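# Examination of the molecular architecture
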Amino acid sequence: MAEITAKTVKELRDRTGAGMMDCKKALAETNGDMEAAVDWLRTKGLAAAAKKAGRQAAEGLVGVTVKGTKGAVVEVNSETDFVAKNDQFQAFVKAVTELALDTGDSIDALAAANHPEGGTVAEKLTANIATIGEQQALRRARTIAVDQGAIVSYVHNAAAPGLGKIGVLVALESAAAADKLEALGKQLAMHIAAANPLALTADGLDAEVIERERAIAAEKAAESGKPAEIVAKMVDGAIAKYRKENALVSQPFVMDGKTPVADVVAAAGKEAGSPIVLKDYVRFQLGEGIEKKESDFAAEVAAAAGV
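Residues numbered from 1 in each chain as written. Predicted model: local features only at pLDDT ≥ 70, side-chain atom pairs only at ≥ 80, totals over all residues. Heavy atoms only, no water.

With that out of the way, let us pick up the packing of aromatic side chains. Across all of its chains, the model carries zero aromatic pairs by this definition. We note Arg140 situated over the ring of Phe284; from NZ or CZ to the ring centre the distance is 3.9 Å. (Phe/Tyr/Trp six-rings, centres within 6.5 Å; stacked < 30°, edge-to-face > 60°. Lys NZ or Arg CZ within 6 Å of the ring centre and 35° of its normal.)

Next comes the structure, spelled out in structure tokens:
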């Protein structure tokens, strides 16, 4: 067997764009034969997947699932919205969302988990990239649970059951009847999908975001030309308003446009005969936070033609 050196591994990696460990394995499987190793990577779909790795994936699907008193939501990205309609891609998102119930919030743990069809999730993803022909990526996962009560899910713009553009989970801690919790949870989840709160309570809002809002409010208030003490009150008022509008429990419930969510939950608990605690929630919106690249097709064609 030919010696497999760092130099040969690098050469194979440069030629195929495949990962270092995949290149090392390919050389081991082919007794160090470079050309055979290239073919081995191609047959496994690894070289093709690597070539697509630089492409931006900002489309795809959000998957949600609930099992007992635990729920999981996962975002898997693709390059185009067209792939979200692909049966193979949808099956993959469903499978990894189920697996996330056990692996938790760690994408690394999810990628290393055993896929139901064999191999790891990461290996299955690589195979999908090769066969579907687009870059795909596991982006994030989150799980929430209650000791007693219900986890309720909602999917907005559903492409299939449990799959869509926005996925929401609501955690309700209570001894109330399951049907009461399900009804309340569904309404709260729809509210969250529409209102997009930034935190459960005002205290949970990001401190850096609050400081940035304070700086903006201070600059606006200073332009009024009013005395410093009045400016300070204007800034405090603006921040109080921001906290109220962006914390879930203080947002006006979308169903009536006026009742704070906290009061809606309290009233539901009284009606159900058992206190209900809105313990947690999670909202994933497909592609949020990803800066999508804008492409000029005409310019690309001109560049390719040497114009």
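There's plenty left to go through after this.
Let us now look at the sheet that holds strand 2 (residues 70–78). Strands in a sheet are paired, the pairing made by backbone hydrogen bonds, and the direction either parallel or antiparallel. Spatially, 3-2-1-5 is the arrangement adopted by the four strands of the open sheet, whose pairing is antiparallel. The open sheet terminates on both sides in strands that have one partner only, identified here as strand 3 (136–145) and strand 5 (163–164). Two elements, strand 1 (residues 59–67) and strand 5, share two bridges in a ladder whose sense is antiparallel. Looking across to strand 5, one finds that Gly63 is bridged to Leu163. Running over the sheet, helix 5 (residues 87–103) touches strand 1, strand 2, strand 3 and strand 5 and is turned about 145 degrees from strand 2. (Pairing = 2+ DSSP bridges. Helix = DSSP H or I, 4+ residues; strand = E, 2+ residues; numbered from the N terminus. Contact = heavy atoms within 4.5 Å. Axes fitted to C-alpha atoms, helices over the stretch in contact; angles between N-to-C directions.)

A few words now on the pattern of salt bridges. Under the counting rule described, the total for this entry stands at 11 salt bridges. Lys180 is the partner of Glu271 in a salt bridge, and the nearest nitrogen-oxygen pair spans 4.0 Å. Pair noted here: Glu271 is in helix 11 (residues 261–272) and Lys180 is in helix 8 (residues 178–195), with a separation of 91 residues, a long-range link. Given the relative accessible area of 64%, Glu271 is considered exposed. By relative accessible area, which is 39% here, Lys180 ends up partly exposed. The closest approach of N and O atoms between Asp236 and Arg214, which form a salt bridge, is 3.4 Å. One end of the pair, Asp236, is in helix 10 (residues 228–246); the other, Arg214, is in helix 9 (residues 207–222), with 22 residues separating them in the sequence. Connected via shared salt-bridge partners are Glu75, Arg139, Arg140 and Glu288. (Salt bridge = Lys/Arg side-chain N within 4 Å of Asp/Glu carboxyl O. Buried < 20%, exposed > 50% of the residue type's maximum accessible area, 1.4 Å probe, protein only.)

Let's shift gears to the side chain of Gln251. Mapped onto the secondary structure, Gln251 falls in the loop between helix 10 and helix 11. A residue is classified by how much of its surface remains accessible, and Gln251, at 4% relative accessible area, is buried. In terms of polar contacts, Gln251 uses its side chain to reach the backbone carbonyl oxygen of Glu245, at 2.9 Å. With residues near it in sequence (within four places) discarded, Gln251 still touches His191, Ala195, Asn196, Pro197, Lys244, Glu245, Asn246, Thr259, Pro260 and Val261. (Polar contact = N/O pair within 3.5 Å; in protein donor to acceptor, adjacent residues only side chain to side chain.)

Below, the discussion takes up helix 9. The end-to-end C-alpha distance of helix 9, which contains 16 residues, comes to 22 Å, matching closely the 22 Å that a straight helix rising 1.5 Å per residue would cover. In this structure, the buried residues of helix 9 make contact with helix 10. For helix 9, the N-terminal capping position is held by Asp206, with its side-chain oxygen 2.7 Å away from the main-chain nitrogen of Glu208. (Expected span 1.5 Å × (residues − 1).)

With a phi close to 55 degrees, Asn31 is a non-glycine residue in the positive phi region. Tracing the backbone shows Asn31 in the loop between helix 2 (20–29) and helix 3 (34–43). For Asn31, a relative accessible area of 48% translates into the label partly exposed.

Within the sequence span of helix 2, burial applies to Cys23, Ala26 and Leu27. End-on view of helix 2: buried residues confined to an arc of 95 degrees, all on one side of the axis. The positive-phi residue at the C-terminal boundary of helix 2 is Asn31, with phi of around 55 degrees. (Arc of directions from axis to C-beta.)

Within the secondary structure, Gly104 sits in the loop between helix 5 and helix 6 (107–112). Separated by 39 residues in the primary sequence, Gly104 and Thr143 have C-alpha atoms spaced 5.7 Å apart. Not counting residues within four places of it along the chain, the set of residues in contact with Gly104 comprises Ala141 and Thr143.

Taking strand neighbours across the sheet as the criterion, the three strands line up as 4-6-7 in an open arrangement whose pairing is antiparallel. Bordering the open sheet on either side are strand 4 (149–156) and strand 7 (276–285), each of which pairs with just one other strand. On average, each strand axis in the sheet is tilted by 15 degrees relative to the strand beside it, whichever way the strands run. As defined by bridge partners, strand 6 (residues 166–174) adjoins strand 7 across nine bridges and the pair is classed as antiparallel. Bridged to Val168 within strand 7 is Arg283. With respect to the sheet, helix 8 is in contact with strand 4, strand 6 and strand 7, its orientation differing from that of strand 6 by roughly 140 degrees.

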